[in-house]
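# Report on the structure
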Amino acid sequence: MGFSCGIVGLPNVGKSTIFNALSKSNIAMSANYPFCTIEPNRAAAPVPDERLDFIVDCVHPRSIVPTTVEFVDIAGLVRNAGKGEGKGNQFLMHIRQVDAIIHVVRCFDDLNITHVEDGIDPVRDISIINTELAVADIDLLERALLKVQKSAKSGNSQLAAKADIISQTLAVASNGESVRRFLDNNPTYREELKEYNLITDKPVLYLANVDEEHIDGKIEYVDKAALSAAKDSAALLTLSGKIEAELATLTEGEAREYLNSLGQQESGLEKLIQKGYELLSLVTFFTAGEKEARAWTVEKNTTAKAAAGKIHSDIERGFIKAEVVSYSDFVQLKSLSLAKEKGRLRLEGRDYIISDGDIVYFRHNAGKSV
């Protein structure tokens, strides 16, 4: 699994339509009323990667396994969701489990699709959702603070320090300030609060859902949404749920032709995954052989030994060396054996930092190498 994204937003903004399109499934219900999605729908989509395609063309493996991104369609939130309205507590619990949040904002007019706030206003809609997420975290932090303070009365200095961190973070959230920016500036605090899975600390990508005529984003609704995203130090991506739904029904060749007719180079899924990797600071490495070519996702600055653990814990424990060929070298030589012959294959130790595109063969003493 690459990473997981929770799709949030008000009811009837197009979340389920986008979920179905991005995951090329019909799992999520899509209807013109709030809460048609109760339990979160989950689907994994393969990550398009031309590098894996190239490796496959050269190596001719029997099996191909791309890395994936999991989309989680979470029911539409409403005002006071953080206090339990509209099954809010249940929905918010699901958001805590994802790596990043895709915040869908309605930026299209359609008289046939009602809006729970009686009109299109991206700034208001974004504010409602962000307020509810903050309220949920404030409630969690308040309860956590009471518990830690009680335990700290025994004189435990570590718990007293933790209570102070919780108190500072709670003050930031209660004042309507960005918890994510606060913890960016205090990374040791983030580690201390990791167990609470704060929603407001998760990376966010705003997704402006437009109609087919405004896929270029040239509409006032998108401009307003972009301003709100900027205030949150977050990126905004414009996407048309209807176009993505159409693309999901086409073959790869037909989809490219359709995108070209719209003046688009990439699908919404491709743009979304690229932004997701940037948000979460992820890189991809590959393993390749006659049996299988496979893509793996790890965080930037992951060591070779830790990367081996993504494949199997036994390989990490028995790690000896990593044979590494950079993707740029492989493109030139088109052969792993030739890369070794030409001295382009490097032997790296446990502390080697995996680079995006590396093709890696792990030597280990826990059985047959991968």
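Here the structure is a predicted model, which means the values were calculated and not measured. (Residues numbered from 1 in each chain as written. Predicted model: local features only at pLDDT ≥ 70, side-chain atom pairs only at ≥ 80, totals over all residues. Heavy atoms only, no water.)

## Quick word on the pattern of salt bridges
Summed over the entire model, instances satisfying the criterion amount to 19 salt bridges. R143 serves as the salt-bridge partner of D139, at 3.2 Å between the closest nitrogen and oxygen. Residue D139 and its partner R143 are both found in helix α4 (residues 122–152); the two are separated by four residues, about one turn of the helix. Accessibility expressed as a relative area gives 35% for D139, which makes it partly exposed. Each of the salt bridges in this network shares a partner with another, and the network as a whole consists of D49, R51 and D356. (Salt bridge = Lys/Arg side-chain N within 4 Å of Asp/Glu carboxyl O. Helix = DSSP H or I, 4+ residues; strand = E, 2+ residues; numbered from the N terminus. Buried < 20%, exposed > 50% of the residue type's maximum accessible area, 1.4 Å probe, protein only.)

## Observations regarding the nonpolar core
In terms of nonpolar packing, the biggest core is built from 52 residues, with V69, F71, I95, I101, I102 and C107 touching the most fellow members. Ignoring any residue separated from it by four or fewer positions in sequence, one finds I102 in contact with C5, G6, I7, V8, F71, L205, L207 and L272. Membership of the second largest hydrophobic core comes to 19 residues, among which are A144, L145, I165 and L170. (Core = buried A, V, L, I, M, F, W, Y, C linked by side-chain atoms within 4.5 Å. Contact = heavy atoms within 4.5 Å.)

## Thoughts on the sheet that holds strand β2 (residues 41–46)
The sheet built from six strands is open, its strands ordered β2-β4-β1-β5-β6-β7 with mixed pairing. What marks the edges here is a single partner per strand, and that holds for β2 and β7 (235–239). The sheet shows a mean angle of 25 degrees between the axes of neighbouring strands, direction not considered. Note that strand β1 (residues 3–8) and strand β5 (residues 100–106) share four bridges and pair parallel. The partner of I7 across the bridge, within β5, is I102. Where helix α1 (residues 15–22) meets the sheet, its contacts fall on β1, β2, β4 (68–73), β5, β6 (204–209) and β7, and the angle it forms with β4 comes to roughly 155 degrees. Sitting on the sheet, helix α8 (residues 220–231) is in contact with β5, β6 and β7, with an inclination near 155 degrees to β7. (Pairing = 2+ DSSP bridges. Axes fitted to C-alpha atoms, helices over the stretch in contact; angles between N-to-C directions.)

## Notes on the packing of aromatic side chains
Within the structure shown, the criterion is met by seven aromatic pairs. Between the aromatic rings of F285 and F362, the centroid separation amounts to 6.2 Å while the plane-to-plane angle is 90 degrees, which identifies the pairing as edge-to-face. Linking F285 in strand β8 (residues 282–288) with F362 in strand β12 (residues 359–364), this pair joins segments that are 77 residues apart in sequence. Of the two residues examined, F285 and F362, each falls in the buried class. Through a chain of ring-to-ring contacts, the aromatic side chains of F285, W296, F319 and F362 assemble into a single cluster. (Phe/Tyr/Trp six-rings, centres within 6.5 Å; stacked < 30°, edge-to-face > 60°.)

## Some remarks on a negative patch on the surface
Together, E50, D53, D57, E252 and E266 give the surface a local cluster of negative charge. Per element, the largest residue contribution to the negative patch is three residues, and it comes from helix α2 (residues 50–59). Tracing the backbone through its elements, the reader meets D53 in helix α2. Using a relative accessible area of 46% as the deciding quantity, one classes D53 as partly exposed. (Patch = residues over 30% accessible without salt bridge, like charges linked within 9 Å, V, L, I, M, F, W, Y side chains within 5 Å. Areas by Shrake-Rupley, 256 points an atom, 1.4 Å probe, with all protein chains shown as cover. Lys, Arg positive; Asp, Glu negative; His and termini not counted. Charge placed at Lys NZ, Arg CZ, Asp CG, Glu CD.)

## Some thoughts on unusual backbone geometry
You will see that H60, though not glycine, has its phi angle at about 55 degrees, which is positive. As for its placement among the helices and strands, H60 is situated in the loop between α2 and β3 (63–65). Although it is not a glycine, N197 adopts a positive phi angle of roughly 50 degrees. For N197, a relative accessible area of 32% translates into the label partly exposed.

## Some thoughts on the packing of α4 against α8
Angle between the axes and distance between the axes are the two parameters that describe a pair of packed helices. The interhelical angle for the contact between α4 and α8, taken along N-to-C directions, is 35 degrees, at an axis separation of 8 Å. Residue-level inspection shows P122, V123 and I126 of α4 in contact with α8, the latter providing Y221, K224, A225 and S228. In the contact of α4 with α8, the residues fall into five nonpolar, one polar and one charged. (Nonpolar A, V, L, I, M, F, W, Y, C, P; charged D, E, K, R; others polar.)

## Focus: the pairing of strand β9 (residues 292–299)
Direction of pairing for β3 relative to β9: parallel, over a ladder of three bridges. Residue pairing in the sheet places S63 in a bridge with E292 of β9. Strand direction decides the pairing type here: β8 and β9, joined by seven bridges, are antiparallel. Its bridge partner lying in β9, T284 is registered against T297. The antiparallel pairing of β8 with β9 creates a hairpin that spans three residues between the two strands.

## Let's talk about the pairing of β4
Burial analysis of β4 places six of its six residues in the buried class, the great majority of the element. The two faces of β4 match: T68, E70 and V72 on one face and V69, F71 and D73 on the other face are all buried. Bridge count between β1 and β4: five bridges; the pairing is parallel. Looking at β4, one finds that F3 is bridged to V69.

## Looking at the confidence of the model for the protein chain
This prediction gives the protein chain a mean pLDDT of 88; 89% of its residues lie at or above 70. Of all helices and strands in the protein chain, the one with the weakest mean pLDDT is helix α3 (residues 88–95) (67), whereas strand β10 (residues 319–325) scores best (97). Segment residues 27–38 is flagged for pLDDT under 50; beyond a separation of four residues in sequence, or across chains, it makes 38 contacts in the model. (pLDDT = per-residue confidence, 0-100.)

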